[in-house]
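# Structural overview
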Amino acid sequence: MEVSRIRALRGPNLWSRHTSIEAIVTCSEAERFSPASSALLESFLDRLLERFPEIGLVMPAGAAALPSVAHALQFAALGLQASAGCPVTFSRTSETLDPGVYQVVVEYTEEPVGRLAFDLAVSLCQAALENTPFDLDNVLARLRELDEDVRLGPSTGSIVDAAIARNIPFRRLTEGSLVQFGWGSKQRRIQAAEMDCTSAIAESIAQDKELTKELLRAAGVPVPWGRTVADADDAWAAAQEIGLPVVVKPRDGNQGKGVAVNLKSEAEVRQAFDVASEFRDDVMVERYLPGQDFRVLVVGKQLVAAARRDPPQVIGDGVHTIRQLVDQVNADPRRGEGHATSLTKIRFDEIALATLARQNYNADSVPPRGARVPLRNNANLSTGGSATDVTDDVHPELAAKAVAAAQMVGLDICGVDVVCETVQRPLEEQGGGIVEVNAAPGLRMHLQPSFGKGRAVGEAVISTMYPDGDDGRIPVVAVAGTNGKTTTVRLISHLFTCNGQRTGMTGTDGVYIQGKRIDTGDCSGPKSARNVLLHPDVDAAVLETARGGVLREGLGFDRCNVAVVTNIGMGDHLGLAYINTVEDLAVVKRVIVENVANNGTAVLNATDPIVARMAESCPGSVTFFAADPHHPVMATQFAQGRRGLYVEGGDIVAAEGSTVVHRIPLSGVPLTRNGSIGFQVENVMAATGAAWAIGISWEVIRQGLATFVSDASTAPGRFNLFDYKGATLIADYGHNPDAIQALTNAIATMTAKRRSVVISGAGDRRDEDIRQQTRILGGAFDEVILYQDACQRGRADGEVLGLLREGLQGASRTRNVEEVRGEFLAIDTALARLSPGDLCLILVDQVDEALEHIAKRVKEA
Amino acid sequence: MSHKTIKFLSITHLKGPNVWTYTPVLEALIDIGDLEDCPSNTIPGFYERLSSWLPGLVEHRCSYDERGGFLRRVEEGTWPGHIMEHVSLELQALAGMPGGFGRAREVPIRGVYKVVVTAWHEMVTRYALEAARDLVMAGIEDKPFDVAAAVSHLRELVDDYCLGPSTGCIVEAAESRHLPFIRLSTGNLVQLGYGSRQRRIWTAETDRTSAIAESISRDKDLTKSLLASCGVPVPEGVTVKSPEDAWEAAEDIGLPVVVKPSDGNHGRGVFTNLTTREEIETAFSVAQDEGSEVIVERFIPGNEHRLLVVGGRMVAASRGETAQVVGDGKSTVLELIELQLNSDPRRGNSEDHPLNRVRLDSAARLEVRRQGFEPDGVPPEGKVVVIQRNGNVSIDCTAEVHPDTAETVALAARIVGLDIAGVDLVVEDVSKPLADQGGAIVEVNAGPGLLMHIKPAAGEPQPVGKAIVEHLFPNGDSGRIPVVGISGGKGKTTVARVVTRLLELSGHYTGLACSTGLYLDRRLVEAGDRAQWDTARRVLMNRSVQAAVIENSATSIVTEGLAYDRCQVGVLTNFEPIEDLSKYYMDSPEKRFTTLRTQVDVVLPTGVAVLNAREPQLVEMAELCDGEVIYFAADPSLPVLAEHRSKGGRAVLLREGGVVLAKGWEETKLLDLAQVPMAAGGEAFQAENVLAAVATARALDIAPEVIRAGLETFVLDAAPAI
């Protein structure tokens, strides 16, 4: 078995909506099922089960043997992740046309975990093949550890889960806890339990306890007010000002050294001052707050959860030592090592021993029956403390004080530490108070309290950022197809712009934000899509979705509002990446249709049977377009009362069932040259269908179609027209049989004395596709000038030219064929032969350079 | 007991508008004993000593109101209190806090004076007063006095206690827009505006500066990748672990490169334009010592710029300077640095110097060696040696920035999520688009320093404080909530509580500080006498408070000053003395006038003074008010009312047992006094209290029906709830 390529599909993909690892696995003959190998494979399976019995849980029931080792690898990679606690379910192995070569796809939740699981699954299969040992426990521990490392922590995780439940898209921006919700101008960010509107100043204030106290006092919130005192007399004076009982402590002291609490008499205060002043020069006298520690969580202006926090403690039984009692407590299965469980083991460390020492105990003391022995001063869950949910008990006055505290400091997510006897009564009544406010509070004690109900904290955070009904999404239109994608994308984007939306657009020539190109080159993949969705100034996105990106990484978004498929036709780029047939290609192009939102729309070309069939895969509704309203697909669509666009009487007609919703005269759409350029009419119908689905008004659509400009500067290489000495020049980037057919059809309507064409062939197409191009041209042009492409993409010198020539054999119209080296020379050669009234189609290759060259020649003429 | 010394009997900090002036002052009560018999003209050499120690005193105009006026007084004979006043102001000026207010006044006891000077900060001015005392005594006793030492200590105190320059310039801009401010901490945390209309700043951070955005800006790699995603040009780079790694990365990225620590600041350990393996490996080692990780990135040719973005707009830009020397054929590089660079008076190590002193640090050494010189080498005459590229970014270039670039840096701040950001940009020519010259944004900083824009080494200072204030308070927002200040004699508390009730009824979350306690939103928060500065301040600091009612006892005005700079309504109930102010020497009717007028002095031009027309002294105060005056009177026939009403003035009167709202000669009856439970006892003073409260409510534009409902249901009981 050999693994030749591993990819991470980070978005919805060919196989499923799940993020997955995809690998190309080659199995030898012995490793795939045949009568000859069956025994061997059976024993392999036995050895595999021996090493990893749980694999049985994810395999088809009762399988005595598997079709190949690749299949075993699939289940092993899935099973290892599942056993390590990752919630994964999807996996698949698919044969390719090459015998013994499989595509193995296994879902992951965290990419590094998925990759590691896959590698470990390979080792496992290898071990089973070679009958060598495999340390399953160690492997699972590694996976678990990595998973815990890379997956979101419980606080962030709870917020992300709440977002997912609200259908709000999210994206992790770092390996840490920084997460983006929503897209474009509707994006928001969180980092653990902080929101992007959480003020840095408020956080700094929260860190300054004295300043916080001062501000809370200004807000009328009871705090352990106090001051520094100079001497014992002053300490007693302060105690009287503050009101008894008081705490006397060294300022900024740690570990509770020199702290005396609940002092009620002058003698106690004076004595405490003397003790405290041994530790620090600065001694504070503060109001003593009797009671227990509570944590109140405030989100926005609401109290969302409250918990009582108890320090790690044991209760004496008069028999066991403290060490034994701690061991007993830690034996509780709910107590784990990390953050995964609702309780954490009590740490029996130096701090615990010091805490015991202050109570005159040591590890081997036997506390009397019923004695409460705390092992730490603080009540953190991570050191073994416990949290009991008391949310439903909080008195409204107390809640109001907690909210006031958060508001005063300026924190929108705030953990308020309260000390009081009970939360069931107002603080003032019981001499309680707020001792601290915390930014970015831990949420675990509210999500999974040790005792009591968990609270919907993540939901509260999300609804603070996104009011009900807002899912943080901006309209996303994905466009796929063989031809017309770029024009359709630009047209839809123009319609959005006319609708007042700042638009981001991706395509094969770059990324555009509000018309400004921010990236160049082929940007039709998921990375560019993600970039557009990350941009803060984007209100709507139109994304050309080429097959390369879908195959490589999946989609750059989870759902789109509209998926437009212009056409598949005879296909393009066939034979690459296991996409051999037009049907294979359709599966790739269909991915955007499969991932239309439930309330979204697929806009599909009714005349292309493969495209029309995609309707079945669309979870949302479908709008068909075709010039001919009587096309069977259109007729059926209308009969069912659904939407479609067609051409009638020189108008584009938008109809729903038998109702004509709107008509747009093609004379008002310059792109179509009064409807004479058939493929542009199709593009316009596709774009109009998308705008209709989004809900852009007809007024805006009509205006947008009227003002859309497509020339060499705005749409380089898309049917750019020039006038050269009275002859018509058309430059286009069309490079596949369908595009060339569409161009030929469009040009057929234009009058010309003599027709010539300049063409090269891209080396990465199938031989047949290259020949097909000239075969079409041969029937429509008098003269053909062939030139060799700048990049031969792996072809031998002259090979492509040969194929192009072959296509011209027996051409019905072409009389003259010439071969030229270099694109510029080919263009110049063609231009030199033109007379007024002639027509010349130049199929450009180096688009920008060639157009510049043509423009230069036109200018000179 | 006779003595010829100056003793401080007490020093009082008046923390707000006070009997002397609108701004905080220290009021020192001093006893000069028998120096009373020794005016300055009788002490031989005193004038000379004083004027030579503090030559700047010549600028003090004093009562002659001319240059040298004060020194003329010293020559002609004046007393130590007066001299201390001027000396302490001059010492503060020398320590960088020029200007300010000063007074010296006798009290009715021989040799005892009140010396009053502007308190920039209590600790600073306290020391200035003490130093002034010592200086004056040294002058009197003909002893030496180390002026420089006193000034330098004072300067340290200014640095420790006063606002830093960035915060200072924002606060100054706020003051020039008449926005109130409150320092919330000993540091640079400042509240602008009051109550619910407040905003907070902490140096160049605001309360809307996102903590997450700050943490993103600190993560340079993350910042770069976010910017790159949105098409903002950045230098591509990688984090490297070893010198070999660094070289490999440099080859991948393409030379020349920059090597720098991932989390360093102030340009320490940053090496630019490195082309050789040796340079890169050396730079790695130095950079590693400055930060935890080292980054190798594409070298962006050009000058360093700092562009300040405030609220989505670029508001200022500075360019870095290249420090270079020209050989004279005799001096070493080190000597040339001292001769040609560090001799520039703009260079120094304090915040007042726009340029740092040039130090031959490791990066500079590398730069110099690359040009073929050693620090001790002597460059030939006329040879230019670059010591430091991109030293201080402090040359203003705001006007030159290309609009596309301004837009790009604003986008960068937006991507990171910062409302105020200092964007570091490297580009040859900032007036041309970035793309044409390979310029790039190298960093986005939260809480940027503003000094380079306020005090550029060259070029125009930019009004960045103003831009920040405008960002926080757009479109002329005053940041103010309605503040009602109530003083006078009897009835203050009652009026305060009724007014609070009426504000609450009209939907305002109201804070009340009065002699029965602190109330917030109808709740008694603290019982006891809270007609004090501290409690009033707390009300104004409270972010929930939409309206504040503050009772000021005369004692509080005399000993603490007011808690607010200006108020919407200033109320004086009457002129009856109910507090004993003799221990502050403020018990005469004139002093009482001075005390109570403070309340009228601070009424906003758009505000109202509510005055009892029965009291001639209060009527006299009407002309001191910047805003409107509304009189209230139980006797509608008072002549002053006629005059006031003839000019269209407003008043609230009692006519035939009815409370009447008057505007000019127009009268509208509000309700019968008999309907008001608190006045049911028939006491004249309660009737006046009702009238004062109604007048105040009118001043606050509270609707008559709300006033009526409020008065009819308000019961003044022993329980201190409202």
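Residues numbered from 1 in each chain as written. Chains lettered and ligands numbered in written order. Predicted model: local features only at pLDDT ≥ 70, side-chain atom pairs only at ≥ 80, totals over all residues. Heavy atoms only, no water.

For chain A, the name recorded in an unreviewed UniProt entry is Cyanophycin synthetase, with Azospira oryzae as its organism. According to UniProt, the comment filed for chain A under the heading Subunit (unreviewed entry) is "Homodimer." Heading Function (unreviewed entry) of the UniProt record for chain A holds this comment: "Catalyzes the ATP-dependent polymerization of arginine and aspartate to multi-L-arginyl-poly-L-aspartic acid (cyanophycin; a water-insoluble reserve polymer)." (UniProt positions renumbered as here; feature names shortened; annotations may be inferred.)

## A closer look at the packing of aromatic side chains
A full pass over the atoms with the stated rule returns 4 aromatic pairs over all chains. Centre to centre, the rings of Phe 679 of chain A and Phe 719 of chain A are 5.4 Å apart; their planes meet at 75°, and the pair counts as edge-to-face. Linking Phe 679 of chain A in helix α24 (residues 678-694) with Phe 719 of chain A in the loop between α25 (698-707) and β33 (720-724), this pair joins segments that are 40 residues apart in sequence. Here the two residues Phe 679 of chain A and Phe 719 of chain A agree in accessibility, since each one is buried. Ring geometry for Trp 53 of chain B and Phe 145 of chain B: centres 6.0 Å apart, planes at 55°, overall tilted. With a gap of 92 residues between them, Trp 53 of chain B in helix α1 (residues 46-53) and Phe 145 of chain B in the loop between α4 (122-141) and α5 (147-161) connect regions that are remote in the sequence. The ring of Trp 225 of chain A carries Arg 217 of chain A above its face, with NZ or CZ at 4.0 Å from the centroid. In this structure, Arg 72 of chain B packs its charged tip against the face of Tyr 64 of chain B, placed 3.8 Å from the ring centre. (Phe/Tyr/Trp six-rings, centres within 6.5 Å; stacked < 30°, edge-to-face > 60°. Helix = DSSP H or I, 4+ residues; strand = E, 2+ residues; numbered from the N terminus. Buried < 20%, exposed > 50% of the residue type's maximum accessible area, 1.4 Å probe, protein only. Lys NZ or Arg CZ within 6 Å of the ring centre and 35° of its normal.)

## Overview of the domain arrangement of chain A
Residue and element names in this part refer to chain A. Segmentation of chain A into domains returns domain 1 (2-150), domain 2 (225-287), domain 3 (293-447), domain 4 (476-707) and domain 5 (720-860). For domain 1 versus domain 4, the distance between C-alpha centres works out to 38 Å. Every contact between the two is made by 16 residues of domain 1 and, on the other side, 17 residues of domain 4. Here domain 1 meets domain 4 over a buried area of about 1300 Å², counting both sides, of which 54% is carbon and sulfur. (Domains from an automatic or database assignment. Contact = heavy atoms within 4.5 Å. Buried area = accessible area lost by both parts, 1.4 Å probe.)

## Considering the nonpolar core
Counting residues in each nonpolar core, the largest one holds 89 residues, and the members touching the most others are Leu 216, Val 416, Ile 434 and Val 437 of chain A together with Val 483, Tyr 564 and Tyr 631 of chain B. A total of 8 residues in this core trace back to one element, the largest contributor, which is helix α13 (residues 396-409) of chain A. Contacts of Val 483 of chain B, omitting those with residues within four sequence positions, involve Tyr 194, Leu 540, Ala 548, Ile 550, Tyr 564, Cys 567, Gln 568 and Val 569 of chain B. Among the nonpolar cores identified, the runner-up in size contains 52 residues, and Trp 183, Cys 523, Val 588 and Ala 626 of chain A belong to it. (Core = buried A, V, L, I, M, F, W, Y, C linked by side-chain atoms within 4.5 Å.)

## Some points on helix α20 (residues 582-589) of chain A
Residue and element names in this part refer to chain A. Those residues of α20 that sit buried are Val 582, Leu 585, Ala 586, Val 588 and Lys 589. For α20, the angular spread of buried residues about the axis comes to 160°, placing them on one side. Those residues of α20 that are buried lie in contact with β22 (476-480), α17 (485-498), α19 (547-553), β27 (560-565), α21 (591-594) and α22 (609-613). (Arc of directions from axis to C-beta.)

## Things to note about the sheet that holds strand β9 (residues 237-240) of chain B
Residues and elements named next belong to chain B. Read across the sheet, 4 strands follow the order β9-β12-β10-β11 without closing on themselves; strand pairing throughout is antiparallel. Edge positions in the sheet fall to β9 and β11 (271-274), since each has one partner strand and no second. Adjacent strand axes in the sheet meet at a mean angle of 25°, parallel and antiparallel pairs treated alike. Of the pairings in the sheet, the one linking β9 to strand β12 (residues 294-298) comprises 4 bridges and is antiparallel in character. Within the sheet, the bridge partner assigned to Thr 239 lies in β12 and is Ile 295. Where helix α10 (residues 277-290) meets the sheet, it contacts β9, β10 (257-261), β11 and β12, and its direction lies at approximately 20° from that of β10. (Pairing = 2+ DSSP bridges. Axes fitted to C-alpha atoms, helices over the stretch in contact; angles between N-to-C directions.)

## A short note on the sheet that holds strand β8 (residues 194-195) of chain A
All names here are of chain A. Pairing in this open sheet of 4 strands is antiparallel, and the strands run β5-β6-β7-β8 from one edge to the other. Where the open sheet ends on each side, the last strands, each with one partner, are β5 (170-172) and β8. Looking at chain direction, strand β6 (residues 178-181) and strand β7 (residues 188-191) are connected through 4 bridges and run antiparallel. Looking across to β7, one finds that Val 179 is bridged to Ile 190. Sheet contacts for helix α6 (residues 154-165): β5, β6 and β7; angle to β6, the most-contacted strand, approximately 15°.

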